Amino acid sequence: MSDYSKKILRVPSYSLLREQDADKQPVLVANNLGIDFGGLTAVDSFNVAIGPTEISGLIGPNGAGKTTIFNLLTGVYQPTRGAVLIKGIDTKGMHPSKVTRMGIARTFQNIRLFTDMTAKDNVKVGMHKDIHCSFFSSLLRLPSYYKSERAADEKAMELLEFMGLADVADVKAGSLPYGVQRRLEIARALATNPAILLLDEPAAGMNPSETAELTAQIRRIRDTFQIAIFLIEHDMNLVMNVCEAIAVVNYGKIIAKGTPEEIKNDPAVIEAYLGKKEES
Amino acid sequence: MIFLIWLLYIPALYLVYGLRLALAGMGIYLHTFPTMLLHGAVFVGVYYLIKYLKKLLKVKPRIPANAGKRDKTISVYGLVTVGFTAMTALQGYGMLSRSMQGYLVPICAYVVLALSLNLVVGISGELSLGHAGFMGVGAFAGIVAATCAQNAVSDPFLRLVIGMVAGGLMAGVAGLIVGIPVLRLRGDYLAIVTLAFGEILRSLTENLYVGLDRAGLHMSMSNGGVQLQEGGKMIISGALGATGIKPISTFVAGILLVFFTVAVVLNLVHSREGRAIKAVRDNRIAAESVGINATTFKLKAFVISAVLAGMAGALFGLNLGSVQASKFSYTTSIDILVYVVLGGMGNMLGSIISTVVLYLIPEFLRSLADYRMIMYAIVLIVVMLCTWSPKIKNTISLFTYTMRTYWNRLFRKKGGSGK
């Protein structure tokens, strides 16, 4: 704890922390994170610290490196420089599945569900690390198997109900409508019992009323599970509505950080999105 | 359309050559030009057959979203039980021919092989072409173990169990050794490498010499490497294989192994591990994002499958007086794969049925002599059409759904919904 907090205190300017979270240990810290693909620097000196119950956003023009940052945070890519700390522990060299076990869950920009399995089974796969039933007791169908399955079923149904998916529990994930698939992906991510949830464009392809619903849903997730949420989104309505802090990236670098109001009026952000005003 | 024709090419070839042979049987000999005409005629025939079938099935059948979603577990156990009861009853009344009695144990072995391969191909989603290799390892390990236990254990059934356990263990070890490098690959590459490893396992057993004497077990990879004391006995002698085995496999043991396999596979599929394996099959990246180590679970499925194949191999090997390693070449692997594919990937019930049917067809058709190939081809065409075309598949499931609904209406008070 002490070693870790020293690290954070040394770099207070990283923080996206809300005021009420300032005294708490951040769940996620990216320390000077960077990755090169061959000669191309995709992400460079990316610094954030996210508080335990904070909703923060990551925005930027297309190709700015937002999804690459998510892949770095979840261990899909190994960073060339810098480190990712989840609850104060460095995830360097960890397999993505191990990183997830540390308490980070994510959804994908292009939905990645287990299409041939039912919605309920998708959520139960998400609970994989919390089902403690040994291989042999499930092969022999010992009482512990039934006990753990029943508990898993109950928790999966609770989560599906929470996301409004209870009536499609037995439908194959691949045959669900698009919006429902997005919600199912969030349910599956929540099933891993994370400390921080990363959402990669959760509102992509949604109409305004669906987006409004999603906005409320994101807040409900935070309030119910008391977890941090970090999201990538192009829909500015959603971002400005739901996020308490925003980081803006362009060409793999953070160009601005702050509250939605500050971001709205930041000249660097306006330039990145709309281009520079020509001197006449 | 073109794809379908291409898919049917092999069965169509069977058909052409079968027809040719049949005509030859009637005294009509075809030479190159008429054969080409025959080729053309068969192709055109198949084309119009498909076109006609398509027209016939133009109406898209509507199936309720949840139809056919019932748990098939009970039907699988039921089918095995019914099959066993029927066969024992027929045997008891002496209504089973001698050759049919001889098929019972191999059928059990092949059913187990198909089920275990289905675990890799259907559930884990990797195409493995080396399954017969594990079967071979299991067969020879089982034979060696059963021969070693000959003096210590007098009960043949117990000896068979020892053989099966040894076969399963050895094949499991082989599966682990093969699986660790192979499962780093994906898709076509994996299939090719499993084919190679299957052949490696076969050629290893082809060069293996094992002998037993009072001093214990002797093993060598070269002829003459095994020097036995007096009274010693060669168990496996290279390419000649294992000879002079006492056949101890029985139909009951075979059925018990089938039950064991069904239990292992189905319990696995419905457990935490099984869900993880299916998740990796459906989407590797997403599976890793929820904390599943993809390689571990692929390896688990692969090793379990190898163990079961090894046990089936031991059952198969201990059923015969002599076994050669050449039996476990890739043609056997392909045979097993055909059973799995035609039975439906991931469909255990289908695997059992298709194995029994496809194993028996060539045997039954022996009496037809030259017509045998035509019949086999026709069966393959029909089954391929049924499994490939979504429309025919839909029609079949609509049919079974309707039947089930009627059944429920007739025999259950609260019926009508098929559930």
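The text that follows walks through the structure, step by step, so that each part is easy to find. Bear in mind the structure is a predicted one, so any value in this text is a computation, not a measurement.

1. Points about the pairing of strand β2 (residues 40–50) of chain A
Residue and element names in this part refer to chain A.
- Pairing of strand β1 (residues 28–37) with β2 involves seven bridges; the strand directions are antiparallel. Residue pairing for β2: Leu33 is matched across the bridge by Phe46.
- Between β1 and β2, which pair antiparallel one after the other, the connecting turn spans two residues, and Gly38 there sits at a positive phi close to 60 degrees.

2. Comments concerning the pattern of salt bridges
- A complete count under the given rule lists 17 salt bridges over all chains for this structure.
- A salt bridge links B:Lys298 to B:Glu126, with the nearest nitrogen and oxygen atoms 3.0 Å apart. Of this pair, B:Lys298 sits in helix α12 (residues 294–317) while B:Glu126 sits in the loop between α5 (98–123) and α6 (131–148); the two residues are 172 residues apart in sequence, bridging distant segments of the chain. Exposure class is identical for B:Lys298 and B:Glu126. Each is buried.
- The partner of B:Glu273 in a salt bridge is B:Lys300, and the shortest N-O contact between them spans 3.4 Å. Placement of B:Glu273 in helix α10 (residues 272–282) and of B:Lys300 in helix α12 is noted, with a sequence separation of 27 residues between them.
- Overall, B:Lys300 belongs to the partly exposed group, its relative accessible area being 28%.
- Connected through salt bridges with shared partners, the residues A:Lys120, A:Lys124, A:Glu149, A:Asp153 and B:Arg275 form a single ionic network.

3. Thoughts on the pairing of strand β9 (residues 245–250) of chain A
Residues and elements named next belong to chain A.
- In terms of burial, β9 is largely enclosed, as six of its six residues are buried.
- Neither face of β9 is exposed, since Ala245, Ala247 and Val249 on one face and Ile246, Val248 and Asn250 on the opposite face are all buried.
- Taken together, the four bridges between strand β3 (residues 55–59) and β9 define a ladder with parallel strand orientation. Among the inter-strand pairings, Gly57 is bridged to a residue of β9, identified as Ile246.
- Looking at chain direction, β9 and strand β10 (residues 253–258) are connected through five bridges and run antiparallel. Within β10, the residue paired with Ile246 across the bridge is Gly258.
- Here β9 folds back onto β10 in antiparallel fashion, the turn holding two residues, of which Tyr251 has a positive phi close to 50 degrees.

Reading guide: rules and limits
Residues numbered from 1 in each chain as written. Chains lettered and ligands numbered in written order. Predicted model: local features only at pLDDT ≥ 70, side-chain atom pairs only at ≥ 80, totals over all residues. Heavy atoms only, no water. Pairing = 2+ DSSP bridges. Helix = DSSP H or I, 4+ residues; strand = E, 2+ residues; numbered from the N terminus. Salt bridge = Lys/Arg side-chain N within 4 Å of Asp/Glu carboxyl O. Buried < 20%, exposed > 50% of the residue type's maximum accessible area, 1.4 Å probe, protein only.

What is shown is where atoms sit, not what they do.
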